[in-house]
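Residues per chain are reported as follows:
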Amino acid sequence: MDIEAGEIFCKILQEEHDVSAGIAAIRTLLNFLEKDDSKTMQELDNKLSKAIAVMRKTDHPVTSVASATELFQRFITLTSLDTPSFDDCKKSMLKRGKLFLNKLNESRDKVAKTAAPFIVDGCKILTHSKSRVVLQTMKEAAKANKRFTVYVTYSSPDESGKLMCAELEAANIPCTLILDSAMGYVLEQVDMVMVGAEGVVESGGIINKVGSYSMAICAKELKKPFYVLTESFKFVRIYPLNQQNLPKEFKYSASKLQKDLSKEHPMVDYTPPAYITLLFTDLGILTPSAVSDELIKLYL
């Protein structure tokens, strides 16, 4: 059953390109719950943990998988305290799980509606890699007849910036694809930086596509606002002190963990809170220092 969970998770991400890894993981766990034949809460909890471990060992980014599944387990298992029988408990868990997924599905739209007013007529924006929530925010602003220009980094090594640029062009939003190494040159011309995040840590810093940290440093030096757009299910309970302090499973795909990591480039880096101006989330607009309070609320 846990191996099947890994296959379902990978299939969702392969077939539905607009779905993030965190939401794919929750959908997989709900599918798992519907088919599960456990007889006790402990057995069910062990099976869920195994299914999550399998998903975290795939070659897909696992930062949001780790945060979303931890929140999901916390949210659905609260029901075990209120039900008289295990069957009633499972039904209640499934109901709460679907409610949790609905909230997650609405979060990207909430972030876009919160951040779009910050895009004004005539502004120039620099973004890094491909972010679904940044893309939706820009589409929201374009829908409101805002005229603006976007610069997108190629985002090596997978060049995901090409996909972002293609989707912006399809939405009739003017954009220019630039080299990652040209970000400092272009930053002089832009009004703001907007990036997504794979994870938001307890300090208020972010884990995101490698190169985000370099962009944040350049933005700070040139006094350009560095905005992070992210859903709250990506808030993860870790507190990295530096780049090396990030968990290896967040930095490298599962297949690369078996190799000599000294010769591998990380997929993500850590941007400390000092370089972040504001975070636009489905919980509202936050300063980096407010993230720890919101994390506590999420896990209460």
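This report concerns the structure included in the present document. (Residues numbered from 1 in each chain as written. Predicted model: local features only at pLDDT ≥ 70, side-chain atom pairs only at ≥ 80, totals over all residues. Heavy atoms only, no water.)

1. Quick look at helix α6 (residues 132-143)
Here is step 1: Counted at 1.5 Å a residue, the expected span for α6 with its twelve residues is 16 Å, and the 16 Å between its end C-alpha atoms agrees.
Here is step 2: Three or more residues of α6 are buried, namely Val133, Val134, Leu135, Thr137, Met138, Glu140 and Ala141.
Here is step 3: The elements touched by buried residues of α6 are α5 (86-115), β1 (124-127), β2 (149-153), α7 (161-170), β4 (192-195) and β7 (226-229). (Helix = DSSP H or I, 4+ residues; strand = E, 2+ residues; numbered from the N terminus. Expected span 1.5 Å × (residues − 1). Buried < 20%, exposed > 50% of the residue type's maximum accessible area, 1.4 Å probe, protein only. Contact = heavy atoms within 4.5 Å.)

2. Considering the pattern of salt bridges
Here is step 1: In this structure the tally under the stated criterion is 15 salt bridges.
Here is step 2: A salt bridge links Asp158 to Lys209; the nearest nitrogen and oxygen atoms lie 2.6 Å apart. Pair noted here: Asp158 is in the loop between β2 and α7 and Lys209 is in strand β6 (residues 206-209), with a separation of 51 residues, a long-range link.
Here is step 3: Residue Asp158 is classed as exposed on the basis of its relative accessible area, which comes to 51%.
Here is step 4: For Lys209, a relative accessible area of 8% corresponds to the buried category. (Salt bridge = Lys/Arg side-chain N within 4 Å of Asp/Glu carboxyl O.)

3. Things to note about the packing of helix α2 (residues 21-35) against helix α3 (residues 41-56)
Here is step 1: Between α2 and α3, the shortest axis-to-axis distance is 11 Å and the interhelical angle comes to 145°. Between α2 and α3 lies a crossing whose hand is right-handed. For the pair α2 and α3, contact is made by Ala25, Thr28, Leu29, Phe32 and Leu33 and by Leu44, Lys47, Leu48, Ala51, Ile52 and Met55, respectively.
Here is step 2: Of the residues in the contact of α2 with α3, the class split is nine nonpolar, one polar and one charged. (Axes fitted to C-alpha atoms, helices over the stretch in contact; angles between N-to-C directions. Left-handed = near helix turned anticlockwise from the far one by under 90°. Nonpolar A, V, L, I, M, F, W, Y, C, P; charged D, E, K, R; others polar.)

4. A look at the sheet that holds strand β10 (residues 284-286)
Hydrogen bonds between backbone groups are what pair the strands of a sheet, and the pairing can be parallel or antiparallel.
Here is step 1: An order of β3-β2-β1-β4-β7-β9-β10 is seen for the seven strands of this open sheet, with the pairing classed as mixed. Two strands in the sheet have a free side with no partner beyond their single neighbour: β3 (175-178) and β10. On average, each strand axis in the sheet is tilted by 25° relative to the strand beside it, whichever way the strands run.
Here is step 2: The pairing of β1 with β4 spans two bridges and is classified as parallel. Each residue of the ladder has a partner; that of Leu126, found in β4, is Val193. (Pairing = 2+ DSSP bridges.)

5. Regarding the layout of surface pockets
Here is step 1: Of the pockets and cavities examined, the largest pocket occupies roughly 1000 Å³.
Here is step 2: In terms of lining residues, the largest pocket is bounded by 33 residues, among which Pro61, Lys130, Arg132, Asp158 and Glu198 are the most central.
Here is step 3: Those elements that provide at least two residues to the lining of the largest pocket are α6 and β6.
Here is step 4: Partitioning the lining of the largest pocket into residue classes produces eleven nonpolar, eleven polar and eleven charged. (1 Å grid on protein atoms, 1.4 Å probe; cavity = no way out; pocket = protein on both sides within 12 Å on 5 of 7 lines; lining within 4 Å. Points joined across faces, edges and corners; volume = space filled by probe spheres on them.)

6. Describing the side chain of Thr127
Here is step 1: For Thr127, the location among the structural elements is in strand β1.
Here is step 2: A polar side-chain atom of Thr127 sits 2.6 Å from the main-chain carbonyl oxygen of Met194.
Here is step 3: Setting aside residues up to four positions removed in sequence, Thr127 forms contacts with Val134, Met138, Val150, Tyr151, Val152, Thr153, Met164, Met194, Val195 and Met215. (Polar contact = N/O pair within 3.5 Å; in protein donor to acceptor, adjacent residues only side chain to side chain.)

7. Quick look at unusual backbone geometry
Here is step 1: Following Ser156, the chain continues into Pro157 via a peptide bond in cis, with omega recorded as 5°.
Here is step 2: Of note, Pro157 is situated in the loop between β2 and α7.
Here is step 3: Of note in the backbone geometry, Asn145 takes a positive phi value of approximately 65° without being a glycine.
Here is step 4: Along the polypeptide, Asn145 turns up in the loop between α6 and β2.
Here is step 5: Overall, Asn145 belongs to the exposed group, its relative accessible area being 64%.

Read these as layout, nothing more, since geometry by itself doesn't imply function.
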